[in-house]
Structure formats: C-alpha cells, structure tokens
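Structural characterization, general
This is what each chain is made of:
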Amino acid sequence: MANDKKPKVAVPAAEEDQVSRKLLAWLNTCPGLPCAIRFEYLPADAEGMALSTIQAAYITRRYILGGYEALYQFRLVYRLQPGGSNDKRLAADELLNRLGDWAAEQTPPDIGTGRRVRRIAPETRSSLAAIYDSGDEDHQILMTLKYEVNV
C-alpha cells in the first residue's frame, strides 16, 4: 500500500523568521497582558510568557501563478507559580483563552510585503502543560496562522 501523503515543504527560513518577529510584536499589543511575551524563552522560577513555534512553517497549497498558502503553528505559554491556588491556575487559562480569542477577532498583523494573513485562530483552549519541582507551572494554548504569499 503506497503512502499518498506528500511530504511537507517548509517555507524559506528568512520568511518564517520575519513572520515570527511580526507576530510576536503584534501579540504584545494585546491589552491586559501581565508581562511581555518573549520568543522561545521562559524564565525559571518567575512569571513569564512565550511564543514558541511548534514546527517549521510549511506550504499547504500552491497557486498556478507561483504563490502559495502556508501554515505557521505556534503555542503561547504562560509560566506562573500558583502556590496551590486554583484561582491562579484558572486565571492563567482564562488569560490565554482571552489572548487566543483576541487574536482571532483583531485585524491580522502585517507579516511582510507580499504576504497576507488569511486566518489566525486558537486550535485548542488553554490547559496545563507542565508542572516543575520549583512550583512553576506552564499553561499553554495552541494556535495557527494561515497566510498567503503572492509572487
């Protein structure tokens, strides 16, 4: 039995880098964040938020004239020390869910010349992702950004 799935083709690294930078700056404009969202970094033993890519952005559809549609998958992580407080845990999930809903409802970010965001949306609701011996907890929401590139 043959495998009918085509391998995923990654977008150029420079394109993905620019999408990451523009998305990060735009997410940081969300009102009510407890701290700035950083890229791929969470401090140990302190509150923090991070945008983390799940896998390389890849082409999902090619157009006849040479352009394409691509998918950028990412997660937003909120690290906190709830100290046994259910209220703080629930508040962390509520914050990430609000951030996901905000992102889906806003005018999408400008991600560079020749690129247009078609959709940005949460793929999950926030949930506990990890608990550490230090008392830190990571809560996360998975999201996708679908965009077009016109050449």
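That block above? That's the structure.
Values in this document were obtained by computation on a predicted structure and should not be read as measured data.

What counts, and where the lines are drawn
- Position labels on residues start from 1 in each chain and follow its written sequence.
- Given that the model is predicted, a residue must reach a pLDDT of at least 70 before its local features are reported, and side-chain atom pairs must reach 80 or more before they are shown or counted; all residues, however, enter totals for whole chains, interfaces and linings.
- Side-chain numbers here rest on the full set of heavy atoms in the structure, without hydrogens or water.
- Helix and strand assignments come from DSSP, with helices taken as H or I runs of at least 4 residues and strands as E runs of at least 2, each series counted from the N terminus.
- In this scheme, a helix's expected span is set at 1.5 Å multiplied by one less than its residue total.
- Buried residues are those whose accessible area, probed at 1.4 Å on protein chains only, stays under 20% of the maximum for their type, while exposed residues exceed 50% and partly exposed ones sit between those limits.
- This arc is taken over the directions from the axis of the helix to the C-beta atoms.
- Contacts are assigned to residue pairs with any non-hydrogen atoms lying within 4.5 Å of each other.
- Working definition: a ring pair exists when centres of Phe, Tyr or Trp rings (six-membered ring for Trp) sit within 6.5 Å. Plane angles under 30 degrees give stacked, over 60 give edge-to-face, the rest tilted.
- Charge-over-ring placement is defined geometrically: NZ (Lys) or CZ (Arg) within 6 Å of the ring centre, and within 35 degrees of the ring normal.
- Pairing between two strands requires that DSSP report at least two bridges joining them.
- The working definition used for a salt bridge is a side-chain nitrogen of Lys or Arg within 4 Å of a carboxyl oxygen of Asp or Glu.

Below, the discussion takes up helix H1 (residues 13-27). Compared with the 21 Å implied by 1.5 Å per residue over 15 residues, the 21 Å span of H1 between its first and last C-alpha is a close match. Among all positions in H1, only Glu15, Glu16, Val19, Ser20, Leu23, Leu24, Trp26 and Leu27 are buried. Seen end-on, H1 carries its buried residues on one side only, within an arc spanning 160 degrees. Across H1 from its buried face, at more than 90 degrees, point the exposed residues Ala14, Arg21 and Ala25. Elements in contact with the buried residues of H1: strand S2 (37-39), strand S3 (48-53), strand S5 (68-80), helix H2 (86-105), strand S6 (115-122) and strand S8 (137-149).

This part is about the environment of Leu96. If you trace the backbone, Leu96 turns up in helix H2. Taking C-alpha positions, Leu96 is 14 Å from Thr29, a pair spaced 67 residues apart along the chain. Other than its neighbours up to four places away in sequence, Leu96 contacts Met49, Leu76, Tyr78, Ser126, His139, Gln140 and Ile141.

The tally for this structure, following the rule as stated, stands at two aromatic pairs. Taking 5.8 Å as the distance between ring centres and 45 degrees as the angle between the ring planes, the aromatic pair formed by Tyr72 and Phe74 counts as tilted. The residues Tyr72 and Phe74 share a single accessibility class, namely buried. Taking the ring centre of Tyr58 as reference, the NZ or CZ of Lys8 above it sits at 4.5 Å.

Now for the pairing of strand S4 (residues 58-62). As judged from the two bridges shared by strand S1 (residues 9-10) and S4, these two strands associate in the antiparallel manner. Looking at the pairing, Ala10 lines up with Tyr58 of S4. The hairpin turn running from S4 into S5, its antiparallel successor, is five residues long, and Gly66 in that turn takes a positive phi close to 105 degrees.

You will see that Glu40, though not glycine, has its phi angle at about 55 degrees, which is positive. Tracing the chain through its elements places Glu40 in the loop between S2 and S3. Not every positive phi belongs to a glycine, and Asp45 is a case in point at roughly 55 degrees. On the basis of relative accessible area, Asp45 is assigned to the partly exposed category, the value being 47%.

This part is about the pattern of salt bridges. Counted by the stated rule, this structure contains eight salt bridges. Put simply, Arg116 and Glu148 hold a salt bridge, and the shortest N to O gap is 2.6 Å. Of the two residues, Arg116 sits in strand S6 while Glu148 sits in strand S8, which places them 32 residues apart along the sequence. Under the relative-accessibility criterion, Arg116 is labelled partly exposed at 45%. Between Glu148 and Arg118 there is a salt bridge; the shortest N-O distance is 3.8 Å. With Glu148 in strand S8 and Arg118 in strand S6, this pair connects stretches of sequence that are 30 residues apart. For Glu148, a relative accessible area of 11% translates into the label buried. Since its relative accessible area comes to 40%, Arg118 is described here as partly exposed. Taken together, the shared-partner salt bridges in this structure form one network comprising Arg61, Glu69, Arg116, Arg118 and Glu148.

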